Protein chains: 2
Amino acid sequence: MDIEARAHSEHPEALRLWLRMLTCSQLVEKQVRTQLRERFDTTLPRFDLMAQLERAPDGLKMNELSRRMMVTGGNVTGITDQLVAEGLVERIDVEGDRRAYRVRLTPKGRKLFNEMARQHEDWIVDAFSGLNEKEIGTLYKLLGKVKDHATQPRQETAP
Amino acid sequence: MDIEARAHSEHPEALRLWLRMLTCSQLVEKQVRTQLRERFDTTLPRFDLMAQLERAPDGLKMNELSRRMMVTGGNVTGITDQLVAEGLVERIDVEGDRRAYRVRLTPKGRKLFNEMARQHEDWIVDAFSGLNEKEIGTLYKLLGKVKDHATQPRQETAP
DNA sequence: TATTGTTATACTCTATAACTATA
DNA sequence: TATAGTTATAGAGTATAACAATA
């Protein structure tokens, strides 16, 4: 097969799929951003950071937050500073490594996050209410394959 | 049923699905943005605008571009200005309405876009290469239902 | 009056790179 | 030297609102 024609136009389905996925994500994301701003005067990255912490009762180190949020460290510092100033999260010293912190929710932060999360879930359930349970499961499973493939360390050439 | 408990925690699958979809989109989008910057010194909104025009040989009016790109008009003006300055798109007067333009690709813009689109397709095919054809089709169909539901005019109350 | 498009502005989010302190 | 985190900076991306021209 002509090497130049390798993948071109053989898989237009993948392209159409991507454009549709992007549209769906943007639709839902816009809705969530707007609601977070209007109802809680906050932003998606701030909500995301608190959501990460909600699942980690002992808190997370900055580099772990950075990895999970898929943004570089400087940004996490900025968002954390805001949330600390509002008393929603706190920095805890790590024993045995005076360079590192763990960031965790304060009781106030946890309470606020729970309120936000409850409404957030409603918005999301509404956004996906065009699907039945089985379809949601199928979508979840297929996206899992996409994620796994994209997350796996690249190994383009033969072993 | 208790109204407060209406949707809460009854559909955690929708929430998990959304978080996974967001992750997938961000993974692919980050990859695309990086490649567009490194290889073509351009950005995703610029690419998106050109992609919209590529499908409209006669060009699109600003408000139509704004709607399709899901951003407000001022931003479209800014991106269009950049692309006009580089000779990639042009503004054409609309007969019968001296307020409006149509924006369309120049031959130079079309040529460049075709090059970008070919590589873009490779990146996308690679991103979804963890799925087989049937799975891509299923995913496409399910996301179509999500999109249709989110796009339909809201009608929360009874008719 | 309503619509098309532009201008001006402000803010969030982001990556990069230089930096400090500690390991 | 390497790592954890911060600071400083610049640019992308966005929404909002006021504005001009035309319908």
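See the structure above.
Residues numbered from 1 in each chain as written. Chains lettered and ligands numbered in written order. Predicted model: local features only at pLDDT ≥ 70, side-chain atom pairs only at ≥ 80, totals over all residues. Heavy atoms only, no water.

Visitor: Residues and numbers for the interface of chain A and chain B, please.
Guide: Tallying the contact residues gives 56 residues for chain A and 55 residues for chain B. Here chain A and chain B share an interface that buries about 6000 Å² over both sides, 70% of which is from carbon and sulfur atoms. There are 2 salt bridges connecting chain A and chain B. The residue E135(A) makes a salt bridge to K145(B) at a minimum N-O spacing of 2.7 Å. Linking chain A to chain B there are 9 residue pairs in polar contact (both at pLDDT 80 or more). Residue assignment for the side of chain A that touches chain B shows that the elements contributing at least two residues are α1 (12-40), α5 (107-127) and α6 (133-151) of chain A. Here the side of chain A that touches chain B gets 19 residues from one element, more than from any other, and that element is α1(A). (Contact = heavy atoms within 4.5 Å. Buried area = accessible area lost by both parts, 1.4 Å probe. Salt bridge = Lys/Arg side-chain N within 4 Å of Asp/Glu carboxyl O. Polar contact = N/O pair within 3.5 Å; in protein donor to acceptor, adjacent residues only side chain to side chain. Helix = DSSP H or I, 4+ residues; strand = E, 2+ residues; numbered from the N terminus.)

Visitor: I'd like to hear about unusual backbone geometry, residue by residue, with values.
Guide: Phi is positive for D41(A), close to 50°, though the residue is something other than glycine. Relative to the helices and strands, D41(A) is located in the loop between α1 and α2 (44-54). Assessed through its relative accessible area of 65%, D41(A) is described here as exposed. Phi angles above zero are rare outside glycine, and M70(B) is one such case at about 60°. Residue M70(B) is classed as partly exposed on the basis of its relative accessible area of 22%. (Buried < 20%, exposed > 50% of the residue type's maximum accessible area, 1.4 Å probe, protein only.)

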